[in-house]
Amino acid sequence: MKQFNKILVLFVLLSTLSVDNTYSQSFTERIGAESNGYNPLSLRKVHESYLMWKKTLWRRVDLKEKQNKPFFARNREISKIIIEAVERGVLIPYNSDSVNDSNVMSREEFVENIQQVDEEIEEEDGFGFDLDDPFAGFEEDDPFAEEEVVEETGPVFIPNREFSIFEIKEDLYFDRVHSRIYFDIQAITMYLPGDSFYNPAGFEKPIASFRFIDLYNLFKSMPRDAIWYNENNIAQHKNLGDAFLLRLFKGIIVKIANAD
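Residues numbered from 1 in each chain as written. Predicted model: local features only at pLDDT ≥ 70, side-chain atom pairs only at ≥ 80, totals over all residues. Heavy atoms only, no water.

Draft legend 1. Quick peek at the overall build of the protein. Counting secondary structure elements, the protein contains five helices and seven strands. Listed by position from the N terminus, the elements making up the protein come as α-β-α-α-β-β-β-α-β-β-α-β. Looking at the 260 residues of the protein, the share that counts as buried comes to 32%. The long-range share in the protein, meaning contacts at least 24 apart out of those at least 6 apart in sequence, stands at 67%. When the accessible surface of the protein is totalled, it reaches about 18200 Å², and 52% of it is carbon and sulfur. (Helix = DSSP H or I, 4+ residues; strand = E, 2+ residues; numbered from the N terminus. Buried < 20%, exposed > 50% of the residue type's maximum accessible area, 1.4 Å probe, protein only. Contact = heavy atoms within 4.5 Å. Areas by Shrake-Rupley, 256 points an atom, 1.4 Å probe, with all protein chains shown as cover.)

Written out as structure tokens, the structure is:
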């Protein structure tokens, strides 16, 4: 009789486990088909059900400030690394910091954004010649003159060190399971400063946005070039990806997600 009771209890337990397993599989198939609950832009895989509180922040980072200069070391500027990566086709630029598939920027458009704009002011009165000298527009060709060779010049690109303003979009949230606060960078936007000689507009011009997870993978694949230059100890340079995670930059909050 006791052996029969043991067999009955074991049968009930196995039945319960099988039911729970079937339910969990169906729940995963039903919910996981659309979203697995993790942010694809995040390096830290924290499930959305763990988030107790969340806020989105934007920070303006001036790489010419003393604290940010290690990101902008001569010949190892972060802007140079990003531009060369886009030109090689290993980094995808986006039109805005939403960085979704509908916002992808073409390489041609990116190259156009980093070119110098020539604004030549034509001081003509619309007739093609000066009214004070009506014969100025009728110059005779010299039959003995040598032909002028016109050299075709390519586009003039803005120097890499001119792109010294970056804007960081990040999520600030509290993980209630691990009782921790995280700063989770989502995207980084590169700007041409308004006071730059190459910016006739006079205001900060956005060049392109990039997913931080893409930048992190790019930086980690370039251990010798993508470095945060440690002036105090050159034996302890940091990778740019690690420098962002360690928050070695100085960024001023310029915007917070709100209803306005």
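Draft legend 2. Just unusual backbone geometry, in detail. Residues other than glycine seldom take positive phi values, yet Val99 does so here, at roughly 40°. For Val99, the location among the structural elements is in the loop between α2 (78–88) and α3 (107–113). Even without being glycine, Ser179 reaches a positive phi, approximately 55°. Here Ser179 lies in the loop between β2 (165–175) and β3 (180–192). Residue class for Ser179 comes out exposed when judged on its relative accessible area of 53%.

Draft legend 3. Geometry of the sheet that holds strand β1 (residues 51–62). Spatial ordering of the open sheet is given by β4-β3-β2-β1-β7, a layout of five strands whose pairing is antiparallel. Pairing within the sheet leaves two strands with one partner each, and these edge strands are β4 (205–211) and β7 (252–256). On average, each strand axis in the sheet is inclined to that of its neighbour by 30°, with strand direction left out of account. Sheet analysis places β1 next to β7, joined by four bridges and oriented antiparallel. Across the sheet, Leu57 pairs through a bridge with Ile256, a residue of β7. (Pairing = 2+ DSSP bridges. Axes fitted to C-alpha atoms, helices over the stretch in contact; angles between N-to-C directions.)

Draft legend 4. Region of the structure containing the packing of α2 against helix α4 (residues 212–220). Two elements in contact, α2 and α4, have axes whose closest approach is 12 Å; the angle formed by their N-to-C orientations is 95°. Between α2 and α4, the angle is such that the two are roughly perpendicular. From α2, Ile78, Ile81, Ile82, Ala85 and Arg88 reach across to α4, where they touch Leu215, Leu218 and Phe219. Looking at the contact of α2 with α4 residue by residue, the classes come out as seven nonpolar, no polar and one charged. (Parallel < 35°, antiparallel > 145°, perpendicular 65-115°, else oblique. Nonpolar A, V, L, I, M, F, W, Y, C, P; charged D, E, K, R; others polar.)

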